[in-house]
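The chain contents come next:
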Amino acid sequence: MKLLQLSPADLRERLRNTGIWLRTGPFSLHVQSRVESVAKGLTDLYGQFEVRDAREAFADFHVAVNPPSSLRSWLRPQVKFSFDGVEPFKPLPLDQAYPMLEWGLNWCISSHAHHYLIIHAAVVEKNGLAAILPAPPGSGKSTLTAGLVLSGWRLLSDELTLIDRKTGLIHALPRPVSLKNESIPLIRAFSPDAFINRASHDTAKGTVAHMRPPKASVRRQHEPARPGWVIFPKWTAGATTELQPRSKAQTFMFLARNAFNYSLIGAEGFRVGTALIEQAACYDFRYSQLDEAIAVFDRLAEAPALDRPGN
Amino acid sequence: MRAPTDLVSLVFRNPDAVRRFSVDDWDLLIRQARQAGLIGRMHPLLLQKGLADAIPSAARWHFEAASALADKQQIAVRWEVGQIRAALAGLNIPLIVLKGAAYVIASLPAARGRLFNDIDILVPRNQPAAVESALMLAGWHAVGLSDYDQRYYRRWMHELPPLQHVRRATVIDVHHAILPDTARYHPDSAKLRSRAVAVDGLPGIHVLAAEDRILHSATHLFHDGELPHGLRDLTDLDLLLRDAGADRDFWLRLTTRADELQLTRSLFYALRYLRHFLDTPVPDSVMATLDAAAPNRVTLALMDRIFTRVLAPDHASCADAFTSAARLAAFVRAHWLRMPVHLLIPHLFHKAFISPYQRTPKAA
């Protein structure tokens, strides 16, 4: 059953009491919350995801977002994220309950799922090949990811690139795309099809909202993809669109540094990382216009075998 | 004593029980084992018992990921111990590695799947400032403690405050004794040091003798206020005892040594709860010998009620109406044993009413 098949009242009832069991990519989640904005966020963004019956459910992560039971929260409403009774973060203002759930889930996955090499990068797919977009905050990675998945690319993940240690394939985790500050109006203007939920203000990352993942990406969430490109996007005001090959060795070093668990998985991390780099064409990408950027990606996807820089 | 109800100790007592596990049982087993820090230790046990196929595919990655983490930590611990040795090399003092890190460098079965929060070392008390400054020079320094906690550690405890490495974030606990001077019982550390054994292939590094490391681990379990990993520590003891107990004379040496170090009461409790949770093979004759060290019946009944709760995994599914009271009781009892009343009351007062309002990442 899909989440959207539950009536809003039923969903809230379940969330408040037993919680709901959700499947996102390779992980099953059990989410419990009494907070209205969390119920609303899940209704708005997770409609296409499969909800499972408590009776058949094994959950990888049991999480909850609820108000703390302290006097202080009566004065200033807050919420806390709990991973099976453990609270890894300080409470946040009530207004940030939904983003806190998403951040908490990212933390659960990146700090436990060591059967993957996990790189801090967005990843999208077209014609069977994945484009990995590692980039520091502020590089326009999320904006580009949102633009691409609204233009026919499949969303694999906007934050966590999961590389199977045995097969080297990239597994999809098409949870909602996190958008910050100016990207929110930009993506709204870019596509009338985009659904973006209510923004939370004054978070650690500024104003944050989440975009609903495309239906097709969710439907194909169990389909892994082969690595095709590693592309470092950089949004620069007024820049002309420019795709420049970059050194594979440097790219490898960057990915290793930006992996959550590269050193943890030891020699195998090196093996998985080098195998990935060997298959992938590596580029630096500068852009200022989203539609031009997407056109460049589309051209890459149409001729994946051609024009692959070496070294 | 009421039988243990948690699934983690059930699997350690009887691994074959997993063959009858439902999906719900696996879900709960992994949750409890994660909280107890024991997923990585359970995995090799299940493999060894030929139970790999019994693990449902949905649950498998949790074991594999935990094993990857444990393997990485073993390598890291060996390397860190080398760094500590290098940092202290100029001082010409004996360096004894304690607890988990000792099991790793001595290649004991108790290293299996062990996770680490810190590395414990024992150095002589005569030059704490030299030890601290040598470690600081190598990048370890005291962080994140309130002034109160700093004073508490330095003045009353048997250790420097925990030292964290600036770049690698590894934590060392430097001990000068295995229990504080203020404690009711404080075994002579010189006695422990005199029997320490050198580690093959790691010149300059020692670990405690087999009996002593068991007594140390047992003592810690029953003198530590907070027991987030009580069951993990019990499984350490279980593995240490099964390994050492293969030698017939071992048990006599253990009880004799406990007597010599005034640690028979701790050993009595440890063996009692090891039998309870993990079916550790302790000869009846040993329990009979230790009977003299047992507390009176009323105290023992109370201790059973406390420790059957606090040694279970710290997970909601293992808790009953008395669990939080039991944890508080264990906390107060540990402090009661560690310091006299005229220090204890102000300390607990500070912890209860002042510390919560200060930002203290790690409490004493």
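Reading guide: rules and limits
Residues numbered from 1 in each chain as written. Chains lettered and ligands numbered in written order. Predicted model: local features only at pLDDT ≥ 70, side-chain atom pairs only at ≥ 80, totals over all residues. Helix = DSSP H or I, 4+ residues; strand = E, 2+ residues; numbered from the N terminus. Rg over C-alpha atoms; globule rule 2.2 N^0.38 Å. Buried ≥ 20, exposed ≤ 12 C-beta atoms within 10 Å, placed from the backbone. Contact = placed C-beta atoms within 7 Å. Core = buried A, V, L, I, M, F, W, Y, C linked by C-beta atoms within 7 Å. Domains from an automatic or database assignment. Axes fitted to C-alpha atoms, helices over the stretch in contact; angles between N-to-C directions. Parallel < 35°, antiparallel > 145°, perpendicular 65-115°, else oblique. Nonpolar A, V, L, I, M, F, W, Y, C, P; charged D, E, K, R; others polar. pLDDT = per-residue confidence, 0-100. Pairing = 2+ DSSP bridges.

Draft legend 1. Spotlight on the overall build of chain A. Of the regular secondary structure elements, chain A holds 10 helices and 18 strands. Over its C-alpha atoms chain A spans a radius of gyration of 19 Å, differing by no more than 12% from the 19 Å that the globule rule assigns to 311 residues. Projecting the C-alpha coordinates of chain A onto the three principal axes gives extents of approximately 60 × 45 × 35 Å. Counting only residues that meet the buried cut, chain A has 48% of its 311 residues in that class. A separation of at least 24 residues holds for 73% of the contacts in chain A among residues at least 6 apart in sequence.

Draft legend 2. Spatial organisation of the overall build of chain B. What chain B contains, in helices and strands, is 16 helices and 7 strands. Among the 364 residues that make up chain B, the fraction classed as buried is 43%. Residue pairs at least 24 apart in sequence account for 68% of intrachain contacts in chain B once pairs closer than 6 positions are excluded.

Draft legend 3. Looking closely at helix H2 (residues 36-45) of chain A. Considered for burial, the residues of H2 of chain A that qualify are Ser 37, Val 38, Ala 39, Gly 41, Leu 42 and Leu 45 of chain A. As for H2 of chain A, its buried residues are in contact with helix H1 (8-16), strand E2 (27-33), strand E4 (61-66), helix H4 (97-112) and strand E15 (206-211) of chain A.

Draft legend 4. Representation of the nonpolar core. Membership of the largest hydrophobic core comes to 184 residues, with the highest contact counts inside it found for Val 123 of chain A together with Val 97, Ile 121 and Ala 270 of chain B. Considering every element that reaches this core, the biggest residue donor is helix H4 (residues 57-88) of chain B, with 10 residues. The two domains that each donate at least three residues to this core are domain 1 (3-112) and domain 2 (116-302) of chain A. If we ignore the near neighbours within four places in the chain, the residues touching Val 123 of chain A are Ala 130, Ala 131, Ile 132, Leu 133, Leu 156, Ser 157, Thr 161 and Ile 170 of chain A.

Draft legend 5. A look at the packing of H2 of chain A against H4 of chain A. Residue and element names in this part refer to chain A. Relative orientation of the contacting elements H2 and H4 amounts to 65°, with a least axis distance of 8 Å. As summarised for this structure, H2 and H4 are arranged roughly perpendicular, according to the angle between their axes. Here Ser 37, Val 38 and Gly 41 of H2 lie close against H4, whose contacting residues are Ala 97, Tyr 98 and Leu 101. Of the residues in the contact of H2 with H4, the class split is 4 nonpolar, 2 polar and no charged.

Draft legend 6. Geometry of the domain arrangement of chain A. Residues and elements named next belong to chain A. Here chain A is described as being made up of domain 1 (3-112) and domain 2 (116-302). Look at where the C-alpha atoms of domain 1 and domain 2 centre, and you get two points 25 Å apart. Counting from both sides, the interface comprises 16 residues of domain 1 and, opposite them, 22 residues of domain 2. Elements with a contribution of two residues or more to the side of domain 1 that touches domain 2: H2 and H4.

Draft legend 7. Highlighting the interface of chain B and chain A. Counting from both sides, the interface comprises 14 residues of chain B and, opposite them, 13 residues of chain A. It is H4 of chain B that contributes the most residues to the side of chain B that touches chain A, 8 residues altogether. The residue inventory of the side of chain B that touches chain A, partitioned by class, reads 9 nonpolar, 1 polar and 4 charged.

Draft legend 8. Layout of the confidence of the model for chain B. All names here are of chain B. When pLDDT is averaged across chain B, the result is 87; 87% of the residues are at 70 or more. Mean pLDDT across the elements of chain B bottoms out in helix H16 (residues 341-354) (64) and peaks in helix H1 (residues 7-13) (97). Scored below 50 in pLDDT, residues 359-364 shows 14 contacts in the model against residues more than four places distant or in partner chains.

Draft legend 9. Local environment of the environment of Leu 129 of chain A. In this structure, Leu 129 of chain A sits in strand E9 (residues 129-133). The spacing of Leu 129 of chain A and Arg 286 of chain A is 157 residues in sequence and 21 Å in space, taken between C-alpha atoms.

Draft legend 10. Looking closely at the packing of helix H3 (residues 39-48) of chain B against H4 of chain B. Residues and elements named next belong to chain B. It is at 8 Å that the axes of H3 and H4 come closest, and there the two elements cross at 110°. The angle between H3 and H4 places the two elements in the roughly perpendicular class. Contacts between H3 and H4 involve Ile 39, Gly 40 and His 43 on the former and, on the latter, His 62, Phe 63, Ala 66, Ser 67, Leu 69 and Ala 70. Among the residues making up the contact of H3 with H4, the classes are represented as 5 nonpolar, 4 polar and no charged.

Draft legend 11. Expanded view of the environment of Lys 72 of chain B. Residues and elements named next belong to chain B. With respect to the secondary-structure elements, Lys 72 resides in helix H4. Since 17 C-beta atoms lie within 10 Å of it, Lys 72 is described here as partly exposed. When the C-alpha atoms of Lys 72 and Ala 36 are compared, they prove to be 19 Å apart, with 36 residues separating the residues in sequence.

Draft legend 12. Molecular detail of the sheet that holds E15 of chain A. Residues and elements named next belong to chain A. The strand order E13-E15-E14 describes an open sheet built from 3 strands, whose pairing is antiparallel. In the strand order of this sheet, the two ends are held by strand E13 (177-180) and strand E14 (200-203), each with one partner. Pairs of neighbouring strands in the sheet enclose a mean axial angle of 35°, with direction left out of account. Examined bridge by bridge, E14 and E15 share 2 bridges and lie antiparallel to one another. Note on E15: the bridge partner recorded for Ser 200 is Val 208.

Draft legend 13. Here's a closer look at the environment of Pro 214 of chain A. All names here are of chain A. Checked against the element boundaries, Pro 214 lands in the loop between E15 and helix H7 (215-219). Separated by 31 residues in the primary sequence, Pro 214 and Ser 183 have C-alpha atoms spaced 18 Å apart. In contact with Pro 214, not counting residues within four places along its chain, are Val 149 and Leu 155.

Draft legend 14. Main features of the sheet that holds strand E10 (residues 154-157) of chain A. Residue and element names in this part refer to chain A. Pairing is mixed across the open sheet formed by 6 strands, whose spatial order is E10-E8-E9-E16-E18-E17. Edge positions in the sheet fall to E10 and strand E17 (242-245), since each has one partner strand and no second. Strand-to-strand twist in this sheet, taken as the mean axis angle between neighbours without regard to direction, amounts to 30°. Sheet topology places E17 next to strand E18 (residues 281-287); 4 bridges connect them, and they run antiparallel. Looking at the pairing, Gln 244 lines up with Asp 284 of E18. Packed on one face of the sheet, helix H5 (residues 141-149) meets strand E8 (122-126), E9, E10 and strand E16 (226-235) and runs near 20° to E8.

Draft legend 15. Inspection of unusual backbone geometry at higher detail. Positive phi values are uncommon outside glycine, yet Asp 202 of chain A reaches one of about 55°. Its identity is not glycine, yet Lys 99 of chain B carries a phi of approximately 50°, on the positive side. Secondary-structure assignment places Lys 99 of chain B in helix H5 (residues 99-105). The class for Lys 99 of chain B is buried, based on 25 C-beta atoms found within 10 Å.

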